Amino acid sequence: MRDLGAGFGYLMKGQRWVAQHGKQYGWSLLPGLITLVLYAAALVCLGVWGGDFVSWTTPFADDWTSPWQGLFRGFLTAVLFALALLLAVLTFTAVTLLIGQPFYESLSEEVDRTESGGHAPESGLPLWRELWISTRDSLRLLVRAALWAILLFALGFIPFVGQTVVPVIGFFVTGYFLTEELTSVAWQRRGREVRERLALLRSRKGLAWGFGTPLALAFLVPFVAVFLMPGAVAGATLMVRELEGEPQAQDPARAQAQGSNAQWPAAYGQGHPAPHGQGQGAQWSGPHDQGQAN
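For every chain, the first residue of its written sequence is number 1, and the numbers climb from 1 along that sequence. With pLDDT at 70 or above as the cut-off, local features in this predicted model cover only qualifying residues; side-chain atom pairs require 80 or more to be listed or tallied, and sums for whole chains, interfaces and linings still use all residues. By convention in this description, side-chain values take in all heavy atoms of the structure and omit both hydrogens and water.

S.K.: With reference to specific residues and values, describe the packing of aromatic side chains.
M.R.: Side-chain rings of Phe, Tyr and Trp, where Trp is taken by its six-membered ring, are said to pair if the distance between their centres is within 6.5 Å; with planes under 30 degrees apart they count as stacked, over 60 as edge-to-face, and otherwise as tilted. Evaluated as defined, the whole model comprises 7 aromatic pairs. Note on Y39 and F92: the rings are 5.8 Å apart at their centroids and 75° apart in plane angle, and the pair reads as edge-to-face. You can see Y39 sitting in helix α2 (residues 22-57) and its partner F92 sitting in helix α3 (residues 68-99), a full 53 residues away along the chain. A relative accessible area of 19% places Y39 in the buried class. Burial classes: relative accessible area under 20% of the type maximum marks a residue as buried, over 50% as exposed, and values in between as partly exposed (1.4 Å probe, protein chains only). With a relative accessible area of 7%, F92 lands in the buried category. The numbering of helices and of strands both runs from the N terminus, where a helix is a DSSP run of H or I of at least 4 residues and a strand a run of E of at least 2.

Given below as structure tokens:
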């Protein structure tokens, strides 16, 4: 329960951070607006032509008598639209992060600089390489999210359980995926591979659920996702700092230790713990540490 509260706290801290940094917040709204327009257009098209699509895919029902044909195809149309909405919620963040990679990278770096007194981890990779890694990881996540959506959709037909338990599980699953997506911005700059990220999140599932589940609920309200995305990226960066054992801005002593730890030899830049006495629990990984050590 403590981790659930801590995760929600990071979500709120992220929103407060962007509220205090209006310039970064304004630019970071653009990717969400673009994604919202694209998703809205797709859902409108589905609403207009969804019935025709269902009729085309169910030719066996052409000879059914009224009202069974209408009820059957109407039910399938509603199910198709509901599945599209679920996929939209599951994939909105991944698509927005993909479109807004440069915007959210800049925002996440600024959060790191604010918290560490000027230092922000850098991947050291060219932009095209970062975009390729982000696209690859987003596609992997989208596939997993789609599989979960299909599974939950199928379980939804179970009487009583499908209308009570399954929706609750669905929100927690969605919340976990949102956390995974949002933390990827900060973790990619730290050189963390997907397996390492998943291992860290699985070790703190309550933290991931506390952060992502309220966000998933809020994203059900139109336009809310657009305005919460910048703060969600900022909050996810703060949470990554905790999971990595990095100091927070309110602790000057640890921030000073962080500055000296950035100069460790490259041997400690691949996820190895710091030498004894150099900041308990702190770990650094990624190309940026190697670059500073050289």
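S.K.: Go over the environment of G191, please, and point to the residues and values.
M.R.: Inspection of the secondary structure assignment puts G191 in the loop between α6 (161-189) and α7 (194-202). Spatially, the C-alpha atoms of G191 and P121 are 9.2 Å apart, while their sequence positions differ by 70 residues.

S.K.: Which residues make up the environment of L29, and what values do they have?
M.R.: Mapped onto the secondary structure, L29 falls in helix α2. Taking the relative accessible area as the measure of exposure, L29 reaches 14% and is therefore buried. Through-space distance from the C-alpha of L29 to that of F227 is 6.5 Å; in sequence the pair is 198 residues apart. Contact between two residues is taken to exist if any of their heavy atoms lie within 4.5 Å; hydrogens are not considered. If near-sequence neighbours (up to four positions away) are discounted, L29 is found in contact with V226, F227 and P230.

S.K.: Go over the packing of α6 against helix α8 (residues 205-218), please, and point to the residues and values.
M.R.: Interaxial angles span 0 to 180 degrees and are taken between N-to-C directions of axes, which are lines fitted to C-alpha atoms, for helices over the stretch in contact. At a closest axis distance of 7 Å, the pairing of α6 and α8 adopts a crossing angle of 110°. Taken together, the axis directions place α6 and α8 in an arrangement best described as roughly perpendicular. Side by side, α6 and α8 meet where F171, F172, T174, G175, Y176, L178, T179 and L182 of the first sit next to A208, W209, F211, G212, T213, L215, A216 and L217 of the second. In this classification, the charged set is Asp, Glu, Lys and Arg, the nonpolar set is Ala, Val, Leu, Ile, Met, Phe, Trp, Tyr, Cys and Pro, and all remaining amino acids, among them Gly, are polar. Residues that form the contact of α6 with α8 fall into these classes: 11 nonpolar, 5 polar and no charged. Each angle gets one of four labels, with under 35 degrees taken as roughly parallel, over 145 as roughly antiparallel, 65 to 115 as roughly perpendicular, and the rest as oblique.

Without other data, these values stay purely geometric and don't point to any function.
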